[in-house]
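Commentary on secondary and tertiary structure
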Amino acid sequence: MSLRFYDTSARQVRDFVPLREGHASLYLCGATVQAPPHIGHIRSGVNFDILRRWLTHSGYEVTFCRNVTDIDDKIINVACAEDVPWWRISERNQRAFTHAYDVLGCLPPTVEPRATGHVPEMIELMQRLIDAGHAYAADDGSGDVYFDVRSFPPYGELSNQRLEQVQAAADSDPDRDKRDPRDFALWKGAKPGEPTWPTPWGRGRPGWHLECSAMATKYLGPSFDIHGGGLDLVFPHHENEMAQSRAAGDAFAQYWLHNGLLKIGGEKMAKSLGNSMRIPQMLEKVRAVELRYYLGQAHYRSTIDYSDEALREAAVAYQRIEGFLTRAVEVLGEVAPAARVPAEFAAALDDDLGVSQALAVVHGHVREGNSALAAGGKEKAGELAGELRAMLDVLGLDPLSEQWSSGDHGLREVVDGLVAVALEQRQAARARKDYTAADAIRDGLAAAGVVVEDTPQGPRWDLRRS
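Residues numbered from 1 in each chain as written. Predicted model: local features only at pLDDT ≥ 70, side-chain atom pairs only at ≥ 80, totals over all residues. Heavy atoms only, no water.

The next thing to look at is the sheet that holds strand β9 (residues 223–230). The 4 strands are arranged β4-β3-β9-β10 in an open sheet whose pairing can be described as parallel. The open sheet has two edge strands, β4 (61–66) and β10 (252–259), and neither has a second partner. Between one strand axis and the next, the sheet turns through 25 degrees on average, direction left out of account. Two strands pair when backbone bridges link them, and strand β3 (residues 23–28) and β4 are joined in this way by 6 bridges, in the parallel orientation. (Pairing = 2+ DSSP bridges. Helix = DSSP H or I, 4+ residues; strand = E, 2+ residues; numbered from the N terminus. Axes fitted to C-alpha atoms, helices over the stretch in contact; angles between N-to-C directions.)

Listed below in structure tokens is the structure:
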């Protein structure tokens, strides 16, 4: 099976044919940094990190651009409420997003441009649109510049709307000098107390949609392969991006991929609704790798309705994977990832990034591997463990990788030494048939969070997971 994706613009699954053979260019709408991230934001990061990893594994050289919107109405409003400069809000929250991406194992993008660093590119794009008759500067001298939606007949194709169905754009004051209420702001004229940059039409600041078109084409070119983002961005943001870019003469994105939303109690997770679940809060419930498993396990286009029970189930599922690989290493020594993933796993990811089907292959390997270890089949167990590591690497979930295993090595060695002494005492008590003492040692270890399992190869231990 060839690599295929559901393209929102075509409303069907299409074979992936990159513009340049062996290369894949990917733009992801990143954070608008008015607040720290919640797990709904980071779900998008995890979904597109898996896509990026699978493209790389499939042999593509990937250029991944993920932007930062560091100037926006919401950022300015938060800054006013806190009585601090707007850039302090942006900088603080961008660091929080970067930390969250890193903690959950998302590979850093090839480039991560900020909107405020690309005003010259935005001015150039506006000039091209004005020259082509698709944009205009407001006649009231405000400095506003608007995109003329009626000048672009395909407007509405991405979101599958006719122009007469489109509501008035809500990204500017209703009393500003627009020719049509549906025209959207490319540039917002200066207002007292707001940051501004000079343009030929007056000082002001960029509109949200203009920012992404300018940054995407700056780093990926006038035509690139994939544009990604959350389903809530299809309209108006991505519709407006596509319209202004194509009206200016750029082919822009060839495929549009959108991840589903993460809800809680059936409602979209949002700060304004008071139901956001921040990353530090979540990491008090489960480990980072378990949270990544939870956010990435469903198909990227599906809706997730969060519950603590579902989070716990995901953590237990991941621990089964981790447990097999831990036992395999104890019995076999070092287990290297296989050079190739199983065909069923590859077919699942090739079919519109079917992670849930791919995880079925993962858990099948875990079951077979545990059976092989129990039967003494070291060669089979080693083969399965190697393939398992290769699959988990694609998903960013390999417990033996540096990302997930490096943090506690020193502490683990200390604990291992202390537990070994306790287990020797327990074995000695059992040898002299003092089972009360042996049980007391085991219970004491359990109370300290150390779980002991008696196996044919002798006792083994692990830390109890939340």
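Turning next to the sheet that holds strand β13 (residues 304–306). Within the open sheet, the 3 strands sit side by side as β12-β11-β13. Their pairing is mixed. Among the strands making up the open sheet, the edge pair consists of β12 (267–268) and β13. Taken together, the 3 bridges between strand β11 (residues 262–264) and β13 define a ladder with parallel strand orientation. In the strand pairing of β13, K263 is matched with D305.

Attention now goes to the pattern of salt bridges. Taken as a whole and assessed by the stated rule, the structure comprises 23 salt bridges. A salt bridge links K218 to E121, with the nearest nitrogen and oxygen atoms 3.3 Å apart. Pair noted here: K218 is in helix α5 (residues 208–220) and E121 is in helix α4 (residues 119–131), with a separation of 97 residues, a long-range link. When the shortest N-O distance is used, the salt bridge between R182 and D180 registers 2.9 Å. With respect to class, R182 is no different from D180; both count as buried. Taken together, the shared-partner salt bridges in this structure form one network comprising D73, K188, E194 and R205. (Salt bridge = Lys/Arg side-chain N within 4 Å of Asp/Glu carboxyl O. Buried < 20%, exposed > 50% of the residue type's maximum accessible area, 1.4 Å probe, protein only.)

Our next topic: the packing of helix α10 (residues 343–350) against helix α11 (residues 355–374). Helix packing geometry: the angle between the two helix axes and the distance between the axes. α11 packs onto α10 with a crossing angle of 170 degrees between their chain directions and a minimal axis gap of 7 Å. By the angle between their directions, the pair α10 and α11 is classed as roughly antiparallel. Every residue of α11 that contacts α10 at E344, F345, A348 and L349 is listed here: V355, Q357, A358, V361 and V362. (Parallel < 35°, antiparallel > 145°, perpendicular 65-115°, else oblique. Contact = heavy atoms within 4.5 Å.)

Moving on, we come to the side chain of H363. Positionally, H363 belongs in helix α11. Given the relative accessible area of 14%, H363 is considered buried. A polar side-chain atom of H363 sits 2.8 Å from a polar atom in the side chain of Y293. (Polar contact = N/O pair within 3.5 Å; in protein donor to acceptor, adjacent residues only side chain to side chain.)

Let us now look at the packing of α4 against α5. Here α4 crosses α5 at 105 degrees, and the two axes come no closer than 9 Å. With respect to α5, the axis of α4 lies roughly perpendicular. Contact with α4, carried on its side by E121, M122, L125 and M126, involves L210, E211, S213, A214 and K218 of α5 and no other residues of that element. Its residues assigned to classes, the contact of α4 with α5 comprises 5 nonpolar, 1 polar and 3 charged. (Nonpolar A, V, L, I, M, F, W, Y, C, P; charged D, E, K, R; others polar.)

This part takes up the side chain of R43. Its place among the elements puts R43 in helix α1 (residues 39–57). No salt bridge is formed by the buried R43. Its closest oppositely charged neighbour is D232, at 9.8 Å. Looking at R43, its side chain comes within polar contact range of the main-chain oxygen of L261, at 3.2 Å. Within the structure, the side chain of R43 is placed 3.4 Å from the backbone oxygen of Y300, a separation counted as a polar contact. (Lys, Arg positive; Asp, Glu negative; His and termini not counted.)

Quick look at the nonpolar core now. Of all hydrophobic cores here, the largest spans 82 residues; its most connected members are I39, L55 and F345. It is helix α9 (residues 308–332) that provides the largest number of residues to this core, a total of 9 residues. Excluding residues that lie within four positions of it along the chain, L55 makes contacts with L3, F5, F16, A24, Y60, V62 and I226. Ranked by size, the runner-up nonpolar core spans 42 residues in total, among them M126, Y155, M215 and L233. (Core = buried A, V, L, I, M, F, W, Y, C linked by side-chain atoms within 4.5 Å.)

Turning to α10, its buried residues number three or more, namely F345, A346, A348, L349 and D350. Next to the buried residues of α10 lie β1 (4–7), α1, α11 and α12 (378–395). D352 sits one or two residues past α10 and shows a positive phi near 55 degrees.

A few words on unusual backbone geometry. The omega angle of the peptide bond from F235 to P236 is 5 degrees, so this bond is cis rather than trans. Position of P236 among the secondary structure elements: in helix α6 (residues 234–247). Phi at F252 takes a positive value of approximately 60 degrees, unusual for a residue other than glycine. Looking at where F252 falls in the secondary structure, it is placed in strand β10. Residue classification places F252 among the buried positions, given a relative accessible area of 0%. For L353, which is not glycine, the phi dihedral falls at a positive 55 degrees. With respect to the helices, strands and loops of the structure, L353 is situated in the loop between α10 and α11. Of the residues examined, L353 reaches a relative accessible area of 4% and is grouped as buried.

Under the counting rule described, the total for this entry stands at 14 aromatic pairs. The interplanar angle of 55 degrees and the centroid separation of 6.5 Å between the aromatic rings of Y27 and F224 together place this pair among those described as tilted. Taken as a pair, Y27 in strand β3 and F224 in strand β9 lie far apart in primary sequence, 197 residues in all. Their ring planes at 80 degrees and their centres at 6.3 Å tell us that W54 and F345 sit as a pair that is edge-to-face. Taken together, the residues W54 in helix α1 and F345 in helix α10 connect sequence positions 291 residues apart. Each member of the pair, W54 as well as F345, carries the same accessibility label: buried. Here the aromatic cluster, defined as three or more aromatic residues joined through ring pairs, consists of F5, F16, Y60 and Y255. When the ring centre of Y255 is taken as origin, the NZ or CZ atom of R14, which lies over that ring, is 4.1 Å away. Sitting over the face of the ring of Y6, R301 holds its NZ or CZ atom 4.3 Å from the ring centroid. (Phe/Tyr/Trp six-rings, centres within 6.5 Å; stacked < 30°, edge-to-face > 60°. Lys NZ or Arg CZ within 6 Å of the ring centre and 35° of its normal.)

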